[in-house]
Each structure stands twice: as C-alpha cells, then as structure tokens.
Amino acid sequence: MKRRQAILLAVSAVVVVVALAAAVHRYRENQPVGDAGFTMGTIPYTIAVVPGDVERDDALAAATQAAKAIRRVDRVMSTYLPGSDLSRLNAAGAGEAVKLDSELMTLLLRARSLTAATDEAFDPTGRGLFLLWKETFKTGKLPGDDAVAKLVKIVGWENLTFNAADCTVVKSDPAVQVDLGAIAKGHAVDVAVEELQKAGLDGGMVEVGGEVRVFGVSPKGSKWVLGIRNPFAGSGAKPRPAFAGTVAISDGAVATSGDYIQGRKIGKKRYSHIIDPRTGRPVTVAPSVTVIAPDCMTADTWATALSVLGPDGIARVEAIDGLEAMMVVGDPEQYKILTTSGFGQYVRDPMGELVP
Ligand code: AMP
Ligand code: MG
C-alpha cells in the first residue's frame, strides 16, 4: 500500500482543524500542494484530502472538482452577483414566472420545509428585514417600528409559488426577497464533499466560512478533530481561550452560528446579524450555537434557527435523530453552556471556561 498522503489546500480558519497541525506540517514538507480560495464574496473555503491509495494527481483533481462545485453554488445562489438566478428572482415583479436553475429550485424547496421544521425561526424569505438591519448596522440609526412591521408582513413562503415541472417561481409581491445566507454555505460544503467522495479517497474535509463537513479518516488516520470557537474570545481586557472545546468526528458536519464579535453595538446594546423573522428584530439570546448533523446544510440551517429559538430550541433538536447541539447563552459576565444529551459523545476536549 502506498504511503498515505495528505494534501492540504491552504488554511482559512474560522473553524480550525485543531489537532492536525503537526501532522499537516509533516505532510506539507513532502507535498507542498495548495489551493484554496474565497467564495460568496469574501468567505474563505478550505479543502483537505487524504488520498490513501488514490494517486496524488487524481486526489488533486477531485479537490479541484470540489472547488468548482462551490463556485457553481455561488454563481447561482449569490445575492451579491446581480446576474445570479437568485438575484433575478429577487428583482422580479409580481406575477412574473422566473426560470431557475434546478439545483436552486431544489434548495429553495428544502429551505421551505426547513422553515416549517424550525417553527419559522429559519426563514430565508426575510431578506427585506436582513437588509434593513444591515443598513442599520452601517448607519447606527435604529429603524422605526413601522418599517420593521411592514417588512415582517411580507415574510413567508406563501408569497412564492413554485412550479417544479418547468422550474419556475412566481412572486405575489415584488418586495418579497430570498436570502440563502444561512443555508448556502452548508449546501456548498455538501456538494463539494460529494465530489470528493466520488474519488475513493480515504478521507476529506471541506470548510466554507466556518461550516465544516468531514468523511473518512484525517491525515493521522483517526477521526477529524474540529475546534469550536469561543464566542467571547477577542473581547475583554484579559486574553481568553480561542476555543470553547473540540469535537472528534469521522463522518458528519459541524456548523456554528454566532456573533458575539460579529454582531454590532448600537449605544450600549449588542445586535446580532441573525434576525428573528417573526418579530423582525435581531436575536439576543445565544452568542453561539454549534450543531452537528449528518450533512452540512442541515447543520448550517439549525445553527441559525437555534440562535433564534434560544434554549427552548434544544428540546426540538433533541427530538430529531442525528442532530446534536451546543449553545452558549448569556454574556461574558454570566454565561451558560447548554447541550443536547447526545452532544457529549462527540466531545474530545471538554468545554473549558470561556472567560477564565
Ligand atoms: P448564519 O451565519 O449561517 O447563521 O447565517 C446568517 C445569515 O443568514 C445572515 O447574514 C442573513 O443573511 C441570513 N439570516 C439572518 N437571520 C436569518 C433567519 N432567521 N433565517 C434565515 N436566514 C437568516
Ligand atoms: Mg447558518
């Protein structure tokens, strides 16, 4: 059997493959091959491959295909690219049948059922609200109640009629817009992993903007070890640990939504980039939520949804097979870590003190 090689295609690092550092360094000396990049605007992605018996060139080709799949998702689903299918849908008038790429159509239908599964906590049709708050964070001027209420009224999938047979969608109101920011990264990770899995590799990892999925073995021949960010790291006078802990996984996805640091402060109050579509206001309960799921789209979506649902959402996740969650609630002065009962099976380095 050929010696196991690992090709590490650069390291972005919102979530870092922590315990691999030494192994990666060793392989890098022999295999200085790299490729990584940015997608969906400025979001970094990383693809790491453990070829096993697969020729190095073939393993690299698989990684290239995986990167292409990520770019394809971006082209179709980006709201930053005016020509993307999603942008065309957002710009369309009422009653206009907008022809969409079939992959986008499938994702929109999945997103619609996930909105129902999350009690409307996750709802991509809230784009009007997301934009309103983005603008607020820029100007520092809070919106009036009327502006928020007006946009809450047009949230909901019932304002979109899907015709699966000819891949078209019709909006009932021109103001209705869709934002896949809470699910597209996870989906991109999944399609990239599918590409890698076709190649017969021993293992692989794909990360897009902090959402990760792994399969098979790590370069060490064991489970992949992933760090969960400490939401309170980087704030405060004294240094705080970068990671809340680590989890070890061989097949599955880990996504984190949280923004204690990412969020904006207006006056004394801190506001999240995650909006409760039901109230139209930024969420405040959970500085960080981590979800483990078989696929990354599910993990990504539920991490956002749980940020909205707060501690009550833990019981919902508990009832779903294959889904585990960890939630940090409170603030650096007074915080709590909540988990589903099965989360512990994945923990390798237990959650330490976030604010020592
Ligand atoms: P994430 O970082 O995965 O939690 O996704 C957050 C992004 O999704 C935000 O930047 C918005 O574009 C969008 N978003 C915010 N709140 C929601 C929500 N409640 N449901 C769906 N998408 C949301
Ligand atoms: Mg998400």
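Residues numbered from 1 in each chain as written. Chains lettered and ligands numbered in written order. Predicted model: local features only at pLDDT ≥ 70, side-chain atom pairs only at ≥ 80, totals over all residues. Heavy atoms only, no water.

(A) How the structure looks around unusual backbone geometry. Even without being a glycine, Asp119 presents a positive backbone phi close to 55°. The exposure class of Asp119 is partly exposed, given its relative accessible area of 34%. With a phi angle near 55°, Cys167 is a residue other than glycine that sits in the positive phi range. Of note, Cys167 is situated in the loop between β5 (160–163) and β6 (168–171). When its relative accessible area of 14% is taken as the criterion, Cys167 is described as buried. (Buried < 20%, exposed > 50% of the residue type's maximum accessible area, 1.4 Å probe, protein only. Helix = DSSP H or I, 4+ residues; strand = E, 2+ residues; numbered from the N terminus.)

(B) Summary view of the site of ligand 1. Contacts to ligand 1 come from 18 residues, most closely from Ala121, Asp123, Ser257, Ile275 and Thr304. Here an oxygen atom of ligand 1 sits 3.1 Å away from a polar atom, N or O, in the side chain of Asp179. Between Ser257 and ligand 1, the recorded distance is 2.5 Å, taken from a side-chain N or O atom to an oxygen atom. A total of 500 Å² of accessible area belongs to ligand 1 in isolation, and the protein chains cover 92% of it. For the shell around ligand 1, a count of residues per class yields nine nonpolar, four polar and five charged. (Near = heavy atom within 4 Å. Polar contact = N/O pair within 3.5 Å; in protein donor to acceptor, adjacent residues only side chain to side chain. Areas by Shrake-Rupley, 256 points an atom, 1.4 Å probe, with all protein chains shown as cover. Nonpolar A, V, L, I, M, F, W, Y, C, P; charged D, E, K, R; others polar.)

(C) Main features of the sheet that holds strand β10 (residues 243–249). Spatially, the three strands line up as an open sheet ordered β9-β10-β19, and their pairing is antiparallel. The sheet is open, and its two borders are formed by β9 (224–229) and β19 (347–349), each paired with just one other strand. Averaged over all adjacent pairs, the angle separating strand axes in this sheet is 40°, with direction ignored. Pairing geometry for β9 and β10, over six bridges, is antiparallel. Its bridge partner lying in β10, Ile228 is registered against Gly245. (Pairing = 2+ DSSP bridges. Axes fitted to C-alpha atoms, helices over the stretch in contact; angles between N-to-C directions.)

(D) Seen up close, the confidence of the model for the protein chain. Overall, the prediction assigns the protein chain a mean pLDDT of 88, with 89% of residues at 70 or greater. Of the regions scoring below 50 in pLDDT, residues 1–34 engages in 86 contacts with residues more than four places distant in sequence or in other chains. (pLDDT = per-residue confidence, 0-100. Contact = heavy atoms within 4.5 Å.)

(E) A look at the coordination of the magnesium ion (ligand 2). Within the protein, the atoms that donate to the magnesium ion (ligand 2) are Asp300 (O), Asp300 (OD) and Thr304 (OG1), at distances of 2.1 to 2.5 Å. Taken together, the residues span about one helical turn, with Asp300 and Thr304 both in helix α8 (residues 296–309) at a distance of four residues. (Donors = N, O, S within 2.8 Å, 3.2 Å for Na, K, Ca; no water.)

(F) A look at the packing of aromatic side chains. In total, this model carries five aromatic pairs according to the counting rule given. For the pair Trp133 and Phe137, a centre-to-centre distance of 6.2 Å together with 45° between the ring planes defines the contact as tilted. Placement of both Trp133 and Phe137 in helix α5 (residues 127–139) is noted, with a separation of four residues, approximately one turn of the helix. Phe137 matches Trp133 in its accessibility class, with the two residues each being buried. Trp133 sits in the buried class, given a relative accessible area of 2%. Members of the aromatic cluster, connected to one another through ring pairs, are Trp133, Phe137 and Tyr271. (Phe/Tyr/Trp six-rings, centres within 6.5 Å; stacked < 30°, edge-to-face > 60°.)

(G) Main features of the packing of helix α4 (residues 102–117) against α8. Interaxial distance between α4 and α8 falls to 11 Å at its minimum, and their mutual angle equals 45°. Considering their axes alone, α4 and α8 lie oblique with respect to each other. Judged by the twist between their axes, the crossing of α4 over α8 is right-handed. Where α4 approaches α8, its residues Leu107, Arg110, Leu114 and Ala117 are matched on the opposing element by Met297, Thr301 and Trp302. In the contact of α4 with α8, the residues fall into five nonpolar, one polar and one charged. (Parallel < 35°, antiparallel > 145°, perpendicular 65-115°, else oblique. Left-handed = near helix turned anticlockwise from the far one by under 90°.)

(H) Expanded view of the sheet that holds strand β4 (residues 97–99). Spatial ordering of the open sheet is given by β4-β6-β5, a layout of three strands whose pairing is antiparallel. Looking at which strands have only one partner, the edges of the open sheet turn out to be β4 and β5. Within this sheet the neighbouring strands show an average axis-to-axis angle of 25°, counted without direction. Pairing of β4 with β6, which is carried by three bridges, proceeds in the antiparallel orientation. Residue pairing for β6: Lys99 is matched across the bridge by Thr168.

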